[in-house]
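Listed below are the residues making up each chain.
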Amino acid sequence: MSAAPAVEVRDLHVTMDRTPILAGIDLTVAVGEWVTVIGPNGAGKSTLLRAVGGLLAAPGAVSLFGTPIESLPRRNRARVVATVAQSPVVPPGMPVLDYVLLGRTPYIPPLGRESAADLAAVHEVLARLDLTGFVRRELATLSGGERQRVFLARALAQGATLLLLDEPTSALDIGHQQEVLDLVDQLRREHELTVVATMHDLSIAGEYADRMVLLAEGRVAAAGTPREVLTESLLAEHYKASVRVLDGEHGPLIVPVRRR
Amino acid sequence: MTRVAPVARDSSPIRPAETPNPSRPAGLRPRWLVAGLVAVLVALVAGVSLGPVTIPPGSVAAELLNLLPGVHLESGLNEREIAIVTELRLPRVVLGLLVGGMLALAGGCYQGVFRNPLADPYLLGVAAGAGLAVTAVIALGGAGSEGALTGLPLTIPLAAFVGSLGAVALTYLLGAAGGRSRSPAMLILAGVAVSAFLSAGQTYLLQRNADSIQAVYSWLLGRLATAGWHDVLLVLPYAVLTAVVVLLHGRELDVLSVGDDEASSLGLHPQRSRYLLIAAASLGTAAAVSATGLIGFVGIIVPHTIRLLAGSSYRVILPLSLLFGAAFLALTDVAARTVAAPAEIPIGVVTALLGGPFFVLILRTARRVLT
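Residues numbered from 1 in each chain as written. Chains lettered and ligands numbered in written order. Predicted model: local features only at pLDDT ≥ 70, side-chain atom pairs only at ≥ 80, totals over all residues. Heavy atoms only, no water.

S.K.: Hey, could you go over the overall build of chain A for me, with residue numbers and the actual values?
M.R.: When helices and strands are tallied, chain A shows nine helices and 12 strands. Its C-alpha atoms give chain A a radius of gyration of 19 Å, within 12% of the compact-globule value 18 Å for 260 residues. Seen along its three principal axes, the alpha-carbon backbone of chain A occupies a region of about 60 × 40 × 35 Å. Here chain A, with 260 residues, has 52% of them falling under the buried criterion. Within chain A, contacts between residues at least 6 apart in sequence are counted, and of these 63% link residues at least 24 apart. In the structure as shown, chain A presents an accessible area of about 11,600 Å², 51% of it carried by carbon and sulfur atoms. (Helix = DSSP H or I, 4+ residues; strand = E, 2+ residues; numbered from the N terminus. Rg over C-alpha atoms; globule rule 2.2 N^0.38 Å. Buried < 20%, exposed > 50% of the residue type's maximum accessible area, 1.4 Å probe, protein only. Contact = heavy atoms within 4.5 Å. Areas by Shrake-Rupley, 256 points an atom, 1.4 Å probe, with all protein chains shown as cover.)

S.K.: Can you lay out the packing of aromatic side chains for me, pointing to particular residues and giving the numbers?
M.R.: For the structure shown, the criterion picks out five aromatic pairs over all chains. Among the aromatic side chains, those forming a connected cluster through ring pairs are Tyr110(B), Phe114(B) and Tyr172(B). Geometry around Tyr107(A) places Arg104(A) over its ring, the cationic atom sitting 4.1 Å from the centre. (Phe/Tyr/Trp six-rings, centres within 6.5 Å; stacked < 30°, edge-to-face > 60°. Lys NZ or Arg CZ within 6 Å of the ring centre and 35° of its normal.)

S.K.: Please give an account of the sheet that holds strand S5 (residues 67–68) of chain A that cites residues and values.
M.R.: All names here are of chain A. On the basis of which strands lie adjacent, the open sheet formed by four strands has the order S2-S1-S4-S5 and antiparallel pairing. Two strands lie at the open edges of the sheet, namely strand S2 (19–29) and S5, each paired on one side alone. Strand direction decides the pairing type here: strand S1 (residues 7–16) and S2, joined by eight bridges, are antiparallel. Bridge pairing in S2 places Glu8 opposite Thr28. (Pairing = 2+ DSSP bridges.)

S.K.: Give me the pattern of salt bridges: which residues, what numbers.
M.R.: Tallying each qualifying case throughout the model produces 18 salt bridges over all chains. Taking the shortest distance from any N to any O, the salt bridge between Arg337(B) and Asp333(B) comes out at 3.5 Å. One end of the pair is Arg337(B) and the other is Asp333(B), both in helix H14 (residues 314–338) and four residues apart, which spans about a single turn. Assessed through its relative accessible area of 7%, Arg337(B) is described here as buried. One salt-bridge network, held together by shared partners, links Asp185(A), Arg188(A), Arg189(A) and Asp210(A). (Salt bridge = Lys/Arg side-chain N within 4 Å of Asp/Glu carboxyl O.)

S.K.: So what about the interface of chain A and chain B? Which residues, and what values?
M.R.: Taken together, the contact pairs 36 residues of chain A with 30 residues of chain B. When the area that chain A buries against chain B is broken down by residue, the three leading residues are Arg74(A), Leu111(A) and Arg136(A), summing to 22%. One can count three salt bridges joining chain A with chain B. Residue Arg50(A) is joined to Asp261(B) by a salt bridge in which the shortest nitrogen-to-oxygen separation is 2.1 Å. For the side of chain A that touches chain B, the secondary structure elements donating two or more residues are helix H2 (74–80), strand S6 (81–84), helix H3 (96–101) and helix H4 (116–128) of chain A. (Buried area = accessible area lost by both parts, 1.4 Å probe.)

S.K.: I'd like a description of the sheet that holds strand S3 (residues 34–38) of chain A, backed by residues and values.
M.R.: Residue and element names in this part refer to chain A. Spatial ordering of the open sheet is given by S6-S7-S8-S3-S9-S10, a layout of six strands whose pairing is mixed. Bordering the open sheet on either side are S6 and strand S10 (219–224), each of which pairs with just one other strand. Taken pair by pair, the neighbouring strands of this sheet meet at an average axis angle of 15°, ignoring direction. Pairing analysis gives four bridges linking S6 to strand S7 (residues 162–166), with the strands arranged parallel. Bridging from a neighbouring strand, Ala82 pairs with Leu163 of S7. Sitting on the sheet, helix H5 (residues 144–157) is in contact with S6 and S7, with an inclination near 165° to S6. Strands S3, S7 and strand S8 (194–198) of the sheet are contacted by helix H6 (residues 174–191), whose axis makes an angle of about 140° with S3. (Axes fitted to C-alpha atoms, helices over the stretch in contact; angles between N-to-C directions.)

S.K.: Describe the packing of H5(A) against H6(A), naming the residues involved and giving the relevant values.
M.R.: All names here are of chain A. The N-to-C vectors of H5 and H6 enclose an angle of 20°; their axes lie 10 Å apart at closest approach. Between H5 and H6, the crossing angle belongs to the class labelled roughly parallel. Crossing geometry of H5 relative to H6 is assigned as right-handed. Along its contact with H5, which presents Gly145, Gln148, Arg149, Leu152 and Leu156, the element H6 presents His176, Glu179, Val180, Leu183, Val184 and Leu187. For the contact of H5 with H6, the class distribution of residues is six nonpolar, three polar and two charged. (Parallel < 35°, antiparallel > 145°, perpendicular 65-115°, else oblique. Left-handed = near helix turned anticlockwise from the far one by under 90°. Nonpolar A, V, L, I, M, F, W, Y, C, P; charged D, E, K, R; others polar.)

S.K.: Please provide a residue-by-residue account of helix H1 (residues 45–52) of chain A, values included.
M.R.: Residue and element names in this part refer to chain A. When you tally the buried positions in H1, you get six out of eight residues, the bulk of the element. Taken residue by residue, H1 has Lys45, Thr47, Leu48, Leu49, Ala51 and Val52 as its buried positions. Remark: Gly54 follows H1 within two positions and exhibits a positive phi of approximately 80°.

Below you can see the structure in the form of structure tokens.
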């Protein structure tokens, strides 16, 4: 099954409080690909990510690397897919090392404790993300950019090859946005990770994604390369936005233009 | 980089945890474990030697060691004094240790399960639920005489357990009624409402069954004074079960601290762990309440002090809460029976007297932890 895609979603329907959130989504993500899901507020981006991460069961089919997600036991699933939530909970008083070690949970026997191998894996990830100097610092005392690196570190400690990032840069300034996304891209190449992200900043989203999916009202309104999806007409139609799309070096650049 | 402590006083007993090995997680340091065991032993010896007849601590220690198989030490005590040690005071102190350990452990556990630093068996209504159920058993079950209580019928712990589980479920449901706006304060407000409701039910039952008031009140105000070995034996199995289940879940409580969604994406079944831990903590609380009546604040004072001094991982908080909670209540009992001797102050009154000001201190120094 080596040819199986990392993610395959077929005809996914999600309804909450009798309101349809996702109405028949199809999505395929190849191994090693970076796909960014965009769409206006309330389009269902986070819900789609939750379904792919196995956090909600809904009519339709979701498979990860060829295995239907409902047949994956929770611990096995956590070794395959790691999620960085939009605003992860920061437990009070928890040091960085302990937080990243939580990522080893799927490898630690229930009611057991971490092994030397788990600690080694965590220290390797911390070194890789330049966090060695932070191990004893409390997570709550770190800056936004440092924290985002720690969240990524916990996800990488899971040893999963599929990374789901929900608005990974929403809390960061533009410099740290680039730093975090460059890091994700580099890790993706080094560890052959597959990345599915949701993002609001369209220009920066287009710079990093191999492909983009535009969600609107619970459906896929457009999918393709950033140049195919980030067009003035599609953005006007689905975001009700007045923008100019310029041709950038790595992808289209979106410039908001005030309506007359 | 130095961290500025919330209270900038050099004499403050509240300091950051000792410098640990940076490559290890913030687990339980042996130094703290030893301190906890020493505290329990000190409380044990002090509890047995202090009272209307003071017995030298050395002799107490010798008599306690004599209880171990194969040990024969000369304590210099006469038969009457030996009886005071082994039949009167020792069961009382041991029961105090068990109950204190259970209340503190349950408090720490509830705080983790509900991700709420203010959770406590008393504040969640658990104790009131157990109180109502026990009152119902005494008042309606015909166990209206003092004599029926000293035997502590087996139905009382069971009723306390059912009552406490019912109360915690009610509090949780009420607290969750706020939906997405659910906050730590919501849960505590719900606990206050549930406690008031259940206490009202209890008062009503007592009014209707006036002949059992005496029995119920002597139980409510704490029964350490009349404790015998049969009380210890009745609480012990529940206490051991609770301690084993809760202590094994320290790491899971740390994982739960990132929230249900993230815990679930890390491979855990948060709801499954939560139900199991609530049942275990409520069982421990119920056993404690059924033996000694309502004793408040232990479950909030002890875990918070440990959190501030020794670290915030539940792998640290839970075992140390068990040990220091045990020592705390046994020593509080010493104060309860010596401060106004020969009269005894109900132990629940002493913990509340200590707990009120302490609660304020915790709120002031631990603002960082609480928010």
